[in-house]
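Residue-level structure breakdown
One-letter residues, chain by chain:
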Amino acid sequence: MARSARVASRAASATGGGLIGFPGDAAVEAAVRDWRVWLVDEKRASAHTCSAYDTDLLGFLAFMTPHLGQRPGLEDLRRLSHADFRAWLARRTLDGLARSSTARALAAVRSFYRWGGRTGRLENSAIANLRGPKLPQSLPKALTKSEARAAVESVNELHEQDWQGLRDTAILLLLYGAGLRIGEALALCAGEAPVPGQDTLRVVGKGQKERIVPLLPAIPEAIGAYRAACPHSLPAEEPLFRAQRGKPLSARQVQLSLQRLRALLDLPETATPHALRHSFATHLLGAGGDLRSIQELLGHASLSTTQRYTAVDSARLLDIYDRAHPRARV
């Protein structure tokens, strides 16, 4: 079954497939299904984003049912005022939902309305001017170079079976040595895994965007050692990294390994898989790497994201400007 067809099927199930329990009339239900297919086929959103957005949108519609006194139709959604949207946000605050959760829910509803505007099915200017909750900028703290190195070199001590230690070593090298997200590392198929002597890797990141990352020689060597020791079959089209019983390794299992490493090495509580990726970028920047290159390596869509991600201080930015901008030397 094609990916869009699978998503349409899941959306129909999630929205009730025409049942009375869906918080909207038939036209809204059909619009939700079509929007979800658009998210996958054109927006190229991940399965996690699609699931989260669907939950958020259904929650919004569920609020509007008692708020309006009826299951909303498309015309009802077109007529919603700024006060109606604010009432929904206020309800979320009273329910004790986190600001980050509300910000994501607002993004989901805005996505639905933007799609509706482009397709001519749903126009509403009020939501475009709606201000969401202000979020604190929190970033994982980078490990020191010695802490990151100790984590990579010691993770094999957590397992009695050698192949599992070799597996975790290869994963941490991908995070710290190549800047991969944990999801990107675990999505790597056996047939795509780098072999000794290979110096680049094609990575499919968020939004199905591809990038090429350079590889330290230690990375394909570590992956090769893991493959040679792994007792499970590794078909080319299936995930490379496996759990104890042969199923694909989950991100939670890698997080637990880092949690055990924190106790073993007395690492800070901020030592997580994502912190290793953050350390990759921070250490590159500290060694003289420029932001544009780091942006490409991380797969960020905008430079501003990279600036926040690496927690660059103003003095460091001015130094990069002075060395790189041609007018700075006039």
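The structure contained in this document is the topic of the report that follows. The structure displayed is predicted, hence computed values, not measured ones.

1. Describing the nonpolar core
- Within the largest apolar cluster, 49 residues are counted, with the highest numbers of intra-cluster contacts made by Leu-174, Leu-240 and Phe-241.
- Those elements that provide at least two residues to this core are helix H7 (145–154), helix H8 (162–178), helix H9 (182–186), strand S1 (200–204), helix H10 (218–229), helix H11 (251–265), helix H12 (273–286) and helix H13 (291–298).
- Per-element tally for this core: the top contributor is H8, with nine residues.
- Ignoring any residue separated from it by four or fewer positions in sequence, one finds Leu-174 in contact with Gly-179, Leu-180, Ala-185, Leu-188, Leu-201, Ile-219, Ile-223 and Phe-241.
- Counting 34 residues, the second largest nonpolar core, distinct from the first, contains Trp-35, Leu-58, Leu-106 and Leu-122.

2. Observations regarding unusual backbone geometry
- A positive phi angle is found at Asp-266, which is not glycine, with a value near 60°.
- Among the structural elements, Asp-266 can be located in the loop between H11 and H12.

3. A short note on the packing of H8 against H10
- The contact between H8 and H10 brings their axes to 8 Å, and the two run at 160°. Judged by the angle between their axes, H8 and H10 are roughly antiparallel. Along this stretch, H8 crosses H10, giving a crossing that reads as left-handed. Of H10, the residues touching H8 (which contributes Trp-163, Leu-166, Arg-167, Ala-170, Leu-173, Leu-174, Gly-177 and Ala-178) are Ala-218, Ile-219, Ala-222, Ile-223, Ala-225, Tyr-226 and Ala-229.
- Per-class residue counts for the contact of H8 with H10 are 13 nonpolar, one polar and one charged.

4. Observations concerning the pairing of strand S2 (residues 210–214)
- Of the two faces of S2, the one lined by Arg-211 and Val-213 is fully buried and the one lined by Glu-210, Ile-212 and Pro-214 carries no buried residue.
- For S1 and S2, the ladder comprises five bridges, and the chain directions are antiparallel. Across the sheet, the residue bridging to Val-204 is Glu-210, located in S2.

5. Quick notes on the layout of surface pockets
- There is about 270 Å³ of room inside the second largest pocket.
- Surrounding the second largest pocket, Tyr-176, Gly-177, Ala-178, Val-213, Pro-214, Leu-215, Leu-216, Phe-280, His-283, Leu-284, Ala-287 and Leu-297 form its lining.
- Elements supplying a minimum of two residues to the lining of the second largest pocket: H8, S2 and H12.
- Classifying every residue of the lining of the second largest pocket gives ten nonpolar, two polar and no charged.

6. Considering H12
- For H12, which comprises 14 residues, the first-to-last C-alpha distance of 20 Å matches the rise-based estimate of 20 Å (1.5 Å per residue) to within 8%.
- The element H12 is largely enclosed, with a buried count of ten among its 14 residues.
- Three or more residues of H12 are buried, namely Pro-273, Ala-275, Leu-276, Arg-277, His-278, Ser-279, Phe-280, Ala-281, His-283 and Leu-285.
- Residue Gly-288 follows H12 closely and has a positive phi angle near 110°.

7. Notes on the packing of aromatic side chains
- Counting across every chain of the model gives nine aromatic pairs.
- By way of ring pairs, the aromatic residues Trp-35, Tyr-53, Phe-60, Phe-85, Trp-88, Phe-112, Tyr-113 and Trp-115 are connected into one cluster.

8. Topic: a positive patch on the surface
- Together, Lys-43, Arg-114, Arg-118 and Lys-209 line one region of the surface with positive charge.
- Arg-118 gets classed as exposed once you look at its relative accessible area, which sits at 56%.

9. Here's the deal with H11
- Its 15 residues give H11 an end-to-end C-alpha distance of 21 Å, which sits within 8% of 21 Å, the value for a rise of 1.5 Å per residue.
- Looking at H11, one finds that the buried residues are Val-254, Ser-257, Leu-258, Leu-261 and Arg-262. In an axial view of H11, the angular spread of the buried residues amounts to 150°, which keeps them on one side of the axis.
- Residues of H11 that are buried make contact with H7, H8, H9 and H12.
- Positive backbone phi, at 60°, marks Asp-266, one or two positions downstream of H11.

10. So, the packing of H7 against H8
- With their axes 9 Å apart at the nearest point, H7 and H8 run at an angle of 150° to one another. Considering their axes alone, H7 and H8 lie roughly antiparallel with respect to each other. Facing Lys-145, Ala-148, Ala-151 and Val-152 of H7, the residues of H8 in contact are Thr-169, Leu-172, Leu-173 and Tyr-176.

11. Re the pattern of salt bridges
- The full count for this structure, using the stated rule, is 16 salt bridges.
- Taking the shortest distance from any N to any O, the salt bridge between Arg-91 and Asp-95 comes out at 3.1 Å.
- The exposure class of Arg-91 is partly exposed, given its relative accessible area of 38%.
- One network of salt bridges, in which partners are shared, links Glu-75, Asp-76, Arg-78 and Arg-79.

Conventions used here
Residues numbered from 1 in each chain as written. Predicted model: local features only at pLDDT ≥ 70, side-chain atom pairs only at ≥ 80, totals over all residues. Heavy atoms only, no water. Core = buried A, V, L, I, M, F, W, Y, C linked by side-chain atoms within 4.5 Å. Buried < 20%, exposed > 50% of the residue type's maximum accessible area, 1.4 Å probe, protein only. Helix = DSSP H or I, 4+ residues; strand = E, 2+ residues; numbered from the N terminus. Contact = heavy atoms within 4.5 Å. Axes fitted to C-alpha atoms, helices over the stretch in contact; angles between N-to-C directions. Parallel < 35°, antiparallel > 145°, perpendicular 65-115°, else oblique. Left-handed = near helix turned anticlockwise from the far one by under 90°. Nonpolar A, V, L, I, M, F, W, Y, C, P; charged D, E, K, R; others polar. Pairing = 2+ DSSP bridges. 1 Å grid on protein atoms, 1.4 Å probe; cavity = no way out; pocket = protein on both sides within 12 Å on 5 of 7 lines; lining within 4 Å. Points joined across faces, edges and corners; volume = space filled by probe spheres on them. Expected span 1.5 Å × (residues − 1). Phe/Tyr/Trp six-rings, centres within 6.5 Å; stacked < 30°, edge-to-face > 60°. Patch = residues over 30% accessible without salt bridge, like charges linked within 9 Å, V, L, I, M, F, W, Y side chains within 5 Å. Areas by Shrake-Rupley, 256 points an atom, 1.4 Å probe, with all protein chains shown as cover. Salt bridge = Lys/Arg side-chain N within 4 Å of Asp/Glu carboxyl O. Lys, Arg positive; Asp, Glu negative; His and termini not counted. Charge placed at Lys NZ, Arg CZ, Asp CG, Glu CD. Arc of directions from axis to C-beta.

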